[in-house]
Every structure is written in structure tokens, then in C-alpha cells.
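# Per-entry structural report
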Amino acid sequence: MTGNSVILAVARAILTRLLVAIPMLLGVILVTFLLIRIGTRDASLMLAGPFADAAMLERIRSNLGLDRPIYEQFFIYVGHLAQGDFGLSWISGRPVIDEIRPRLVATMELLLPAFAIGGFAGASLGIASAFRYGSRFDHTSRFLSLLGFSVPTYWIGLMAIFLFYSVLGIAAAPMGRIGMASFPPPPVTGSVLIDGALAGDWEAVVDALHHLALPVTILAIIIAAPILKHSRIIALDVINSDYVSYARSCGLPPRIIRQIVVRNSLAPILTLAGSELTGTLAAVSLLELIFAWGGFGQWGLNAILSGDFAAVQGYVAVIALFSIAVFLVIDLLVLWLEPRTRS
Amino acid sequence: MAIAISEIRAGDRLARLWRRSSSFVVGSALVALLVLTALLCGFVSPYGPTQVLPNAILQTPSAAHWFGTDGNGMDVFTRVLYGARYAIAIALPSAFVMVAVGVPLGLIAGYYGGVVDEVLTRMLDVLRAFPSIILALAVVSATGQSLINVVVVIGLIDAPIFARVVRSEVISIRRSDFVASAVVTGNPTWRILFVHLLPNTIKGAAALLPLRMAWALRVSATLAFVGVGIQAPEPEWGALIRQGAEYIISGQHWVAMFPGIALVIAVFGFNLMGDGLQELTDPRLDVKK
């Protein structure tokens, strides 16, 4: 395959993905827009407080555009969104995007390392189980994965805080990303870890790592469970395939067989991991709540609870955008791993 | 004599089932335990589910209070037992909504194809790209917090999954002779859908049911934990964990720990049962044994 055609294939993959993604994004936003709006009590009542008169309510409604028909409100919203304008928070009055941006970094600080660790552990254990199909190792790892699948994130988080903070005293206090007594490093990226390293403030780096350790470990376990379950099934299918039987009957050494199986399981496992990553945003939001992390997920949950419609819509839109970006990256990785898909 | 033989047969059958899928047997036993607890909690528990004991606030687990008491002076053991009722009251009706909405949709989409099918597939794509717990949270919080709302929202969010399973089964048998002969003998379409096609497609949906019930339990507990949906003092497990969360740092772990264990057992039971059911019904996995 020439370099030119590879570039062509990549461009085509990006284009088709985006063509599918845009209606999908609109769909998510429309569905949540309608569902939330149909159910919501009159927001102006909530915002104005109990002592507002009719004229004031009217003013709030027209300020927020609530006096227009709902389809018009939707088109106005989408129009603004297309220009990167997420609107103003109904509670704080600040632009939603300014509230999201710094918090998103805090969330990624949890999510990305946990996903790397959990994904790697889950996939390797899953493939290893498939090779030992029916053995005690296989049964144990299947059992553990199903158990991990059944344990609520927030509960295991609370129990870990109890054990490692309250009893053993080795974990950092579950109150944010850095200790109360230490000064955060000057913000560059927004990540305490990276900023600390950039400023050469190793004390802050160690403190940030200390705060990251527990939530990242829990999140990694939560992520590993479903990936283990599915990658075991994927690898089993590959092991039982005709081409692996053929390779076996040709007398290839087990090491090569293992390589063949891993290579061929990787692409479907990656695709699966991508859809898990978006689901993980719910788990990360709950963990942030428990660890008072101050990230995007905690902010979104609070927006839902306080009925801040603009913020909830922003939360939903960013999650949808994030999953589209993840699917795109996964598609490209699969394209790179599997030459078959390039034609 | 006849009884003895049938007993042997029953035991034999159980042993065979155990060999084919031990997960199904263990999972079903856990689910049975859940149902029993829901039925019998009124007789077993020493206190009322919201009975306040003013002299027993935040007590450690003891002989009088096996799981301790919470910050209001309510017996945690009693409340955990009564939580089983909420679990059933959520899992069963939401499963009913999933099936009642999803299966007909799948039948219609699979049989007619075209626009209905297209819309359904797109809806599924949208749902797949979005964490459903967050969708449930946003919608329940907006539509009002009651058991009915929680059940309906969970059921509706999950219905497309059933629709997809039924749809693909219908597509695979739509062109078979028995459907054609049903058409030429003049059966109305609804009869073909619900009498001829439904029994042939329901197996896949049925095998999915316990897994989705496990999911329903998880979501409803998560909603209650966040503070949307069923709220304290109702003895729902998620709501109990929420109550216990504030005592974790000060070390009174029992308020949150025991309802969490109950929730894990229930969800795990449904998951095991569903896993086992798929093992039993999936011909692909059968060949390997």
C-alpha cells in the first residue's frame, strides 16, 4: 500500500465518522433538551425566588428566551453551540464554557491514567483467561470481573476512604486534588501534577500523586471489570478460529500463536474499550463527588441537582463531544492495526 | 414411590444444570434470597423500617442492632432488609417497561424494515454514545422524583436494547417458509407479529432480562445516592448509602457498608443469573464444552 492511499483511507475514515457523528450529537442534544424541558418546572419561578411579582417573572422569561416556542429555543441553542457558545449558567451567571474548561482538566487527570491502567490490566487478564479456558484461573478472573461489574463505584469509593483514610491513615484526605496546607503550583495546564513538575515544585507533585492514588486505583478496577469480561470472549473467538487452528497444526511454537491471538484480538478490544470509556464518565462523576475532586463530573452532577438547565446542557454536550472524539481516535487506531479495514 | 422418583429426577436435573452453568444456579439462588427477604422482612426484622429509637443513635453493630443504627436512630439491619422490597419494586416493573416497549418496537422494525428500522438504529447509536446513568439522572431530576418516574425512565432508556435483540432475530427468520405460509393463509399482520414471530424471537430477549434488571438496580441506587429519585427516610439501598456517606470520615462505616453489601449481592445475583442464562442459551458457547 502506498503512502498516498493510506492518507486517503485515513481522511475517508475521519470524514465518515464525522458525518455519522454530527447527527448523533444533534440527537443527544435534542433528546436531553426535550426531556429536560418537558419535565422541568418553570425555571423562572425557581430563579426569581418566592417574592417575585408577575412583571419580574416575565422579564426573566424573556431574558432567558423561555417565552419563545420550544423548537425555536432549540434552534437558538444549537446555533450558539455551533459557534462554541454554551450559554450562561443559570445559577452563577458565568459562561458555561469557562466553568467547564478548568474542571475538565481535573477530570482527565483521574480518567486518563485510570483508563490506561484499567484497560491494560483488563485486556491482559481477559486474554490470559481465554488461553486458560475452563481453568481455575479463568473461573477466578471471571468471578472477579463479574463482581467488579456489580459493585457500585460510589460505595467502593466510600469503603476505600474508610479503610485507607479513616482506619489506616495512609491515603490523602478525600477533599480535592491537593492538601489544604500546600500551595498549588502556578497554573499553566490546570493539572496540579503537570504544573508542579513544570515549576519544579516536587512537593506539590508528590502531594498531587498522593491525592490521585486512591481514586485512580478504584476507577481502574471499575474500568478493568467489563473490559476483562469482553476481551476474554473476543480472545476465545480468535483462539477457536480456523486460522489459529491452522497455525497450530502447522506446528508454530506457542509463543507465535500467542502473538497471533493478541494481534487479532486487539482491534475489537480497542473498539469495545472506546465505548466503555464514555460510560466511565458516569463513574468518574460519582467518584469526584465522593472525593470532592472539583472536576467536570462533580460540577455536572451539581448542575443536575440544582436544575441549572444551561449547565446541564453543557455537561451533556461535552460528554457527547468527548465520546465522538474517543470513537474517532479508536477508529484511527483500528485502521492502523488492521490493514484489512483500509480498503 | 412416585415422589421419590421425581425427587431423584429433580436432584439429577439440578446436578446437570450445575454442570452446565454453575453461575446460573448460584445467581438464581441469590435472586431467590432477595425475593424471600422482600416477602419476609416484615416478620424477620425486629423494628419498623422508619422507626426512630431516640436512645440509640449511631450505635455500633451489637446483638440488639446487628448492623448498628444510623444518625436518626433507625435500625440499619431492618432498613437493609426492607430495601429488598424497593429492589423488587424497581427491577420487576422496569423490566416490564423494557419488554413492553422494546419487544413490539423490535418486531415492527425487523418485520417492516425501512424508516422505522432506520430511526430505531439511530436512536440506539445515540444511546450507546452516551452514559445512560447520566441520562437517567438528568431526566428523573427534571421530571420529578418518584418511584414511578424512576421505573419508567429506566425502562424507556433500556427498551431499545431489547428492540435491537428482537429486531435481529426477526430479520433472520422473516423470510422463512412458515412466515410466508402464515401470510398467504390470510393472517392479519398483528397475528403474524405476535403469534408467529414473537415466540421465536423471545429467547434472546429473555436471556437478556436478568442482566438488565441488575442494571436497573444499579441505576436506581445511583440516582438515590446522588439525591435524585427515592429519598431517605425511605429504606432504599442507594438512599441508605447516601445517609451513611457523611459518617465515613468519622469512622461510622456501618451505616453505608451494610446496604452496599446488600446491593452488591442483589446486583451480583442478577448478573450471575444472566451470565448463566446466556451460557445456557448460546449455542456458540455450548460447542466449546
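Computed from a predicted model, the values in this text were never measured in an experiment. (Residues numbered from 1 in each chain as written. Chains lettered and ligands numbered in written order. Predicted model: local features only at pLDDT ≥ 70, side-chain atom pairs only at ≥ 80, totals over all residues. Heavy atoms only, no water.)

## A short note on the confidence of the model for chain B
Residue and element names in this part refer to chain B. The condition is simple: How sure the predictor is of each residue is captured by pLDDT, a score from 0 to 100. Secondary structure follows DSSP: runs of H or I at least 4 residues long count as helices, runs of E at least 2 residues long count as strands, and numbering of each begins at the N terminus.
Mean pLDDT over chain B stands at 85; residues scoring 70 or higher make up 94%. Taken element by element, the predicted model of chain B shows its lowest mean pLDDT in helix α11 (residues 283-288) (50) and its highest in helix α3 (residues 76-112) (91). Across the interfaces of the predicted complex, the ipTM metric reaches 0.85, alongside a pTM of 0.86.

## Considerations on the pattern of salt bridges
Any two side chains of opposite charge can pair, on the condition that their charged atoms come close. Formally: What counts as a salt bridge is simple: a side-chain nitrogen of Lys or Arg found within 4 Å of a carboxyl oxygen of Asp or Glu. Under the scheme applied here, a residue whose accessible area is under 20% of the maximum for its type counts as buried, over 50% as exposed, and between as partly exposed, the area being computed with a 1.4 Å probe on protein chains only.
Inspection of every chain in the model, using the stated rule, returns seven salt bridges over all chains. A salt bridge links A:E99 to A:R94, with the shortest nitrogen-to-oxygen separation between them at 3.6 Å. Assessed through its relative accessible area of 42%, A:R94 is described here as partly exposed. Among the ionic pairs, B:D117 bridges to B:R167, the shortest N-O distance being 2.3 Å. Taken together, the residues span a long stretch of sequence, with B:D117 in helix α4 (residues 114-128) and B:R167 in helix α6 (residues 147-173) at a distance of 50 residues. B:R167 carries the same exposure label as B:D117, and that label is buried. Salt bridges sharing partners connect three or more residues here, namely A:R142, A:K229 and B:D275.

## Thoughts on α6(B)
Because an α-helix packs 3.6 residues into every turn, residues spaced three or four apart end up facing the same way. Stated formally: By this rule the span expected of a helix is its residue count minus one, scaled by 1.5 Å. Given a residue, its bend is the angle between the two axes fitted to the seven residues that end at it and to the seven that start from it.
When the terminal C-alpha atoms of α6(B) are compared, their 39 Å separation across 27 residues agrees well with the 39 Å that a helix rising 1.5 Å per residue should span. The sharpest bend along α6(B) comes to roughly 35 degrees, located at B:D158, with the proline B:P160 sitting one to four residues further on.

## Quick notes on the side chain of A:K229
Put simply, the rule reads: What makes two residues a contact is simply this: any of their non-hydrogen atoms within 4.5 Å.
Tracing the chain through its elements places A:K229 in helix α9 (residues 202-239). Among residues more than four places away in sequence, those in contact with A:K229 are A:S145, A:F149 and B:D275.

## Description of the environment of B:S181
Residues and elements named next belong to chain B. Of note, S181 is situated in helix α7 (residues 177-184). Assessed through its relative accessible area of 36%, S181 is described here as partly exposed. As a C-alpha pair, S181 and T201 span 20 residues in sequence and 18 Å in three-dimensional space.

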